[in-house]
Amino acid sequence: MLTGKIVKPEEAGRLSFRSPDVGDVSAIHALVKCCAPLDVNSRFCYLSFCEHFASTCVVAEANGVVIAFIIAYSPPERRDTLFIWQMAVDQPFRQCGVAKQMLRNLLSLHHLKRIRNIEATVSPSNAAACALFHSLARECNTFLGKSLLSAATMFDEAHHKQSKLIRVGPINSISKTLIGR
Ligand SMILES: CC(C)(COP(=O)(O)OP(=O)(O)OC[C@H]1O[C@@H](n2cnc3c(N)ncnc32)[C@H](O)[C@@H]1OP(=O)(O)O)[C@@H](O)C(=O)NCCC(=O)NCCS
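Residues numbered from 1 in each chain as written. Predicted model: local features only at pLDDT ≥ 70, side-chain atom pairs only at ≥ 80, totals over all residues.

Q: Talk me through the overall build of the protein chain; I want residue IDs and the actual numbers.
A: The helix and strand inventory of the protein chain stands at seven helices and seven strands. Shown N-terminal to C-terminal, the secondary structure of the protein chain runs as helices and strands in the order α-β-α-α-β-β-β-α-β-α-β-α-β-α. For 181 residues, the compact-globule formula gives about 16 Å, and the C-alpha radius of gyration of the protein chain, at 16 Å, lands near that figure. C-alpha extents for the protein chain along the principal axes are approximately 40 × 35 × 30 Å. Counting all 181 residues of the protein chain, 31% fall into the buried class. (Helix = DSSP H or I, 4+ residues; strand = E, 2+ residues; numbered from the N terminus. Rg over C-alpha atoms; globule rule 2.2 N^0.38 Å. Buried ≥ 20, exposed ≤ 12 C-beta atoms within 10 Å, placed from the backbone.)

Q: Break down the site of the ligand for me, citing the residues and quoting the values.
A: Contacts to the ligand come from 22 residues, most closely from Arg94, Ala99, Ala128, Ala131 and Ser135. Residue assignment for the shell around the ligand shows that the elements contributing at least two residues are β4 (81-89), α4 (98-108), β5 (117-122) and α5 (127-139). Broken down by class, the residue content of the shell around the ligand amounts to 16 nonpolar, four polar and two charged. (Near = placed C-beta within 6 Å. Nonpolar A, V, L, I, M, F, W, Y, C, P; charged D, E, K, R; others polar.)

Q: Can you explain the nonpolar core? Please cite residues and give values.
A: Judged by nonpolar contacts, the single largest core of 43 residues is most densely connected at Ala68, Phe69, Ile70 and Met102. No other element matches the seven residues that strand β3 (residues 65-73) contributes to this core. Other than its neighbours up to four places away in sequence, Phe69 contacts Pro20, Ile28, Leu31, Cys57, Val58, Val59, Met87 and Ala88. (Core = buried A, V, L, I, M, F, W, Y, C linked by C-beta atoms within 7 Å. Contact = placed C-beta atoms within 7 Å.)

Q: Give me the lowdown on unusual backbone geometry, citing residues and values where you can.
A: The omega torsion of the bond from Ala36 to Pro37 falls at 5°, within 30 degrees of zero and hence cis. Positionally, Pro37 belongs in the loop between α2 (25-33) and α3 (43-52). With omega at 0°, the peptide bond leading from Gly169 into Pro170 counts as cis. By secondary structure assignment, the location of Pro170 is in the loop between β7 (164-169) and α7 (173-179).

Q: A description of the environment of Arg114 should follow, citing residues and the corresponding values.
A: For Arg114, the location among the structural elements is in the loop between α4 and β5. Overall, the presence of 10 C-beta atoms within 10 Å leaves Arg114 in the exposed class. Distance in space between the C-alpha atoms of Arg114 and Arg138 is 20 Å, their sequence separation being 24 residues. Contact partners of Arg114, with chain neighbours within four places excluded, come to Arg79 and Asp80.

Q: Tell me about the packing of α2 against α3, and please be specific about residues and values.
A: Between α2 and α3, the shortest axis-to-axis distance is 9 Å and the interhelical angle comes to 125°. The orientation of α2 with respect to α3, classified from their angle, is oblique. Between α2 and α3 lies a crossing whose hand is right-handed. Residue-level inspection shows Val25, Ile28 and His29 of α2 in contact with α3, the latter providing Arg43, Tyr46, Leu47 and Cys50. A per-class count over the contact of α2 with α3 returns five nonpolar, one polar and one charged. (Axes fitted to C-alpha atoms, helices over the stretch in contact; angles between N-to-C directions. Parallel < 35°, antiparallel > 145°, perpendicular 65-115°, else oblique. Left-handed = near helix turned anticlockwise from the far one by under 90°.)

Q: I'd like to hear about α4, residue by residue, with values.
A: With respect to burial, α4 is a largely interior element, eight of its eleven residues being buried. For α4, the complete set of buried residues consists of Val98, Ala99, Met102, Leu103, Arg104, Asn105, Leu106 and Leu107.

Q: Let's hear about the packing of α4 against α5: which residues, and what values?
A: Across the interface, α4 lies against α5 with an axial gap of 10 Å and an inter-helix angle of 50°. It follows that α4 is oblique to α5 by the angle criterion. Considering how the two elements wind past one another, α4 and α5 form a crossing that is right-handed. Every residue of α5 that contacts α4 at Ala99, Lys100 and Leu103 is listed here: Leu132, Ser135 and Leu136. The class makeup of the residues in the contact of α4 with α5 is four nonpolar, one polar and one charged.

Q: So what about the sheet that holds β3? Which residues, and what values?
A: The strand order across the open sheet built from seven strands is β1-β2-β3-β4-β5-β7-β6, with neighbouring strands paired in mixed fashion. Sheet topology places β1 (16-18) and β6 (143-148) at the edges, where each strand pairs with a single neighbour. Along the sheet, successive strands turn relative to each other by an average axial angle of 25°, direction set aside. In this structure, β5 lies alongside β7, joined through five bridges in antiparallel fashion. By the bridge assignment, Val122 is partnered in β7 with Lys164. Contacts from α2 reach β3 and β4 within the one sheet, and its direction differs from that of β3 by about 90°. (Pairing = 2+ DSSP bridges.)

Below you can see the structure in the form of structure tokens.
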């Protein structure tokens, strides 16, 4: 836990959102370490995302401290899709709408107006992540589809073996405008 304090929902409404830069790598890496079930990747990996994919990623700050992030990218062959590679919210800020705010922030960005689908791999045992994507689908008045991950069998960890590919979409421009407000 980075902040070590309990947060009231109204405080979560005073966060600021921005694209990450290389100065955020250590904070993102530290946050991942206390956000099971995420895999902790190398700092170099987070550096690559912050350097090369910053325009499809977001960090949330409270009083200048990074308390949440989404690392995502558009697969080159499917530019209308935003694939969420990792996301986390620091424990005291959870269930205050921070993850939803970060998704809204990304969807409302002018340079991401092409995005019509959000994808992520989610284990069915991850109740919070499942609830988040169902909530996004409801808010955008669209569908949530699940499909098997063809690569799931290559993993040893149970949560990866059970992971499903979740797709929220199509998200139309009206929904994007409404949720961006
Ligand atoms: C998943 C995670 C990012 C959600 O962040 P969050 O800021 O707490 O989510 P939000 O507050 O925006 O909640 C979004 C919706 O999910 C629901 N939700 C969130 N956590 C929940 C939980 N533990 N159980 C049930 N519902 C939950 C909220 O009630 C809300 O629903 P609503 O919009 O219908 O009211 C956060 O729990 C986390 O960092 N988990 C550890 C890392 C992880 O699992 N990452 C995702 C990998 S795919």
